[in-house]
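# Descriptive analysis of the structure
Listed below, chain by chain, are the residues.
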Amino acid sequence: MAEKKLIAVVGATGAQGGGLVRAIMSDKSGGFAARALTRKVDSDKAKELAWLGADVVVADLDDVESLNRAFAGAYGAFCVTNFWEHLSPEKEFAQAKNMAQAAKHAGLKHVIWSTLEDTRQWVPLSDTRMPTLMGKYKVPHFDAKGEANRVFTELGVPTTFLLTSFYWENMIYFGMGPKKGPDGKMAITLPMDDKKLPGIAVEDIGTCALGIFKKGQEYIGKTVGIAGEHLTGAQMAAALTKALGQEVRYNAVPPEVYRTFGFPGADDLGNMFQFKRDFESYFCGARNPAFARSLNPSLQTFDTWLAHNKNRIPLE
Ligand SMILES: NC(=O)c1ccc[n+]([C@@H]2O[C@H](COP(=O)([O-])OP(=O)(O)OC[C@H]3O[C@@H](n4cnc5c(N)ncnc54)[C@H](OP(=O)(O)O)[C@@H]3O)[C@@H](O)[C@H]2O)c1
């Protein structure tokens, strides 16, 4: 049997990378093996990955030498950063740069960089329709990822730039599920007006990433985007109403109001939703569900995702 191509998976104990490790490990004849990178090899999540058959190794995105060791001998890597752990775009950029440098050092044949748009290309800092945040960003958790794309390109790393979508899991883990309003009715609150929001079951990001690795050269040097479905707030509320068996409304608020909600990152997310709202046709066009399905035939729709996950959504 031909030797399997080893993929070094950053964020393997997390949502995106974890999905990729599980996709690789369940695709026994697929020709790929997984090396799971983590700072904590003794965590329960890391042990679970080892139990699945992944090679679990220690690496820290802040330490390029550890990445050099973890990428050595691999065919490819899946690279992701976790902005929400530190809320620093500069740190996120530096971590992406470390991964690009380590990929170059290891001579990897294919890297997938889980990126997002540098929204300043659409909304320059001088544009007052949304506030500038942290001095030089419009959507900090998008902009630094997009800015880091050029580092992979400049170093000549054979990269696929993967644009991901809003996780429907945000309703479970990120406080974005239905909440009871002052009128006693359940509602989801989004500043999206009547525009469509590309969404995805996060596990499908990893499965699509495996699909990209399986295509070989085809998407190297390209930007590709994935989503499970594009839905308006009203459509999401209707699907939630059906799945939960109780009425859920769509509470459309202006981004100006969303930015004042007060939780950490509310201004960043307010700007993000405004970007998605104001540039709907670009943003949806860049994330094609049919393309995602071609990579991953088991891609979930919002209804399928709800059928499996509705009981995990906290109803407050
Ligand atoms: N929520 C959304 O809707 C959405 C949509 C698109 C994109 N995103 C982006 O997704 C990213 C997060 O990805 P995720 O949801 O897969 O993350 P996650 O589930 O929160 O897990 C974070 C992962 O990153 C690893 N990690 C963090 N810092 C590290 C470091 N310094 N060195 C090594 N590993 C490190 C963690 O590994 P250990 O702790 O085991 O070391 C863990 O595996 C964010 O940047 C976010 O902007 C989110």
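What counts and what doesn't
- Residues numbered from 1 in each chain as written.
- Predicted model: local features only at pLDDT ≥ 70, side-chain atom pairs only at ≥ 80, totals over all residues.
- Heavy atoms only, no water.
- Helix = DSSP H or I, 4+ residues; strand = E, 2+ residues; numbered from the N terminus.
- Rg over C-alpha atoms; globule rule 2.2 N^0.38 Å.
- Buried < 20%, exposed > 50% of the residue type's maximum accessible area, 1.4 Å probe, protein only.
- Contact = heavy atoms within 4.5 Å.
- Areas by Shrake-Rupley, 256 points an atom, 1.4 Å probe, with all protein chains shown as cover.
- Lys, Arg positive; Asp, Glu negative; His and termini not counted.
- Charge placed at Lys NZ, Arg CZ, Asp CG, Glu CD.
- Near = heavy atom within 4 Å.
- Polar contact = N/O pair within 3.5 Å; in protein donor to acceptor, adjacent residues only side chain to side chain.
- Nonpolar A, V, L, I, M, F, W, Y, C, P; charged D, E, K, R; others polar.
- Salt bridge = Lys/Arg side-chain N within 4 Å of Asp/Glu carboxyl O.
- Phe/Tyr/Trp six-rings, centres within 6.5 Å; stacked < 30°, edge-to-face > 60°.
- Lys NZ or Arg CZ within 6 Å of the ring centre and 35° of its normal.
- Expected span 1.5 Å × (residues − 1).
- Patch = residues over 30% accessible without salt bridge, like charges linked within 9 Å, V, L, I, M, F, W, Y side chains within 5 Å.
- Pairing = 2+ DSSP bridges.
- Axes fitted to C-alpha atoms, helices over the stretch in contact; angles between N-to-C directions.

A word on the overall build of the protein. Of regular secondary structure, the protein possesses 14 helices and 13 strands. For 316 residues, the compact-globule formula gives about 20 Å, and the C-alpha radius of gyration of the protein, at 19 Å, lands near that figure. For the protein, the spread of C-alpha atoms along the principal axes amounts to about 60 × 45 × 35 Å. Within the protein, the proportion of its 316 residues that are buried is 53%. Restricting to contacts in the protein with at least 6 residues of sequence separation, those with at least 24 account for 76%. In the structure as shown, the protein presents an accessible area of about 13,600 Å², 53% of it carried by carbon and sulfur atoms. Each charge class in the protein can be summarised by its mean position, and for the 37 positive and 35 negative side chains these summaries are 3 Å apart.

As a further point, take the site of the ligand. Taken together, 27 residues sit near the ligand, with T13, Q16, T38, T81 and K145 positioned nearest. Separating an oxygen atom of the ligand from a backbone N or O atom of A15 is a distance of 2.8 Å. Within the backbone of F83, one N or O atom sits 3.1 Å away from an oxygen atom of the ligand. Protein chains shield 86% of the accessible area of the ligand, which is 940 Å² for the free molecule. Contributions of two or more residues to the shell around the ligand are made by α1 (15–26), α4 (83–86), α5 (89–106), α6 (140–154) and β7 (166–167). Considering every element that reaches the shell around the ligand, the biggest residue donor is α4, with three residues. Looking at the shell around the ligand, its residues break down into nine nonpolar, 12 polar and six charged.

With that settled, the discussion passes to the pattern of salt bridges. Inspection of every chain in the model, using the stated rule, returns 19 salt bridges. Among the ionic pairs, D118 bridges to R120, the shortest N-O distance being 2.8 Å. Just as D118 is buried, R120 falls in that class too. Here E154 ties to R150 by a salt bridge, and the two come within 3.8 Å at their closest N and O atoms.

Another aspect to go through is the packing of aromatic side chains. Following the criterion strictly, the structure yields 18 aromatic pairs and no others. Aromatic side chains F32 and F213 sit 6.2 Å apart centroid to centroid with 45° between the ring planes, which places their arrangement in the tilted category. Taken together, the residues span a long stretch of sequence, with F32 in strand β2 (residues 32–38) and F213 in helix α8 (residues 202–214) at a distance of 181 residues. Taking relative accessible area as the criterion, F32 reaches 7% and is therefore assigned buried. Each ring, one from Y258 and one from F273, has its centre 5.5 Å from the other, and the planes form 75°; the classification is edge-to-face. Of this pair, Y258 sits in helix α10 (residues 255–258) while F273 sits in helix α11 (residues 266–278), and the two are 15 residues apart along the sequence. Ring pairs connect the aromatic residues W122, F142, F275, F279, Y282 and F283, which therefore count as one cluster. It is K5 that lies over the ring of Y75; its NZ or CZ is 4.8 Å from the centre. We note R287 situated over the ring of F283; from NZ or CZ to the ring centre the distance is 3.7 Å.

Tracing the chain through its elements places R120 in the loop between β5 (110–115) and α6. Overall, the relative accessible area of 17% leaves R120 in the buried class. A distance of 2.7 Å separates a polar atom in the side chain of R120 from the backbone oxygen of K136. When near neighbours in sequence (up to four residues on either side) are disregarded, R120 contacts L125, K136, Y137, K138, D143 and E147.

Turning our attention to α8. Residues separated by three or four positions in an α-helix point in the same direction, a consequence of the helix having 3.6 residues per turn. The end-to-end C-alpha distance of α8, which contains 13 residues, comes to 19 Å, matching closely the 18 Å that a straight helix rising 1.5 Å per residue would cover. Within α8, 10 of the 13 residues are buried, which leaves the element mostly enclosed by the surrounding structure. Of all the positions in α8, only V202, D204, I205, G206, C208, A209, L210, G211, I212 and F213 are classed as buried. With its phi angle positive at about 65°, G216 sits one or two positions after the end of α8.

On to a nonpolar patch on the surface, then. A contiguous nonpolar surface patch, about 240 Å² in accessible area, is contributed by V257, F261 and F263. Owing to a relative accessible area of 32%, F263 belongs among the partly exposed residues under this scheme.

It is worth spelling out the sheet that holds strand β13 (residues 248–252) at this point. Spatially, three strands are ordered β8-β9-β13 in an open sheet, and the strand pairing comes out mixed. Two strands bound the open sheet, and with one partner strand each, they are β8 (179–180) and β13. Its contacts with the sheet put helix α9 (residues 233–244) on β9 (186–190) and β13, and the angle it makes with β13 is roughly 160°.

On to the environment of Y258. You can call Y258 buried: its relative accessible area is 4%. Filtering out sequence-adjacent residues up to four positions away, Y258 remains in contact with M176, T189, P191, V253, F263, A266, L269, G270 and F273.

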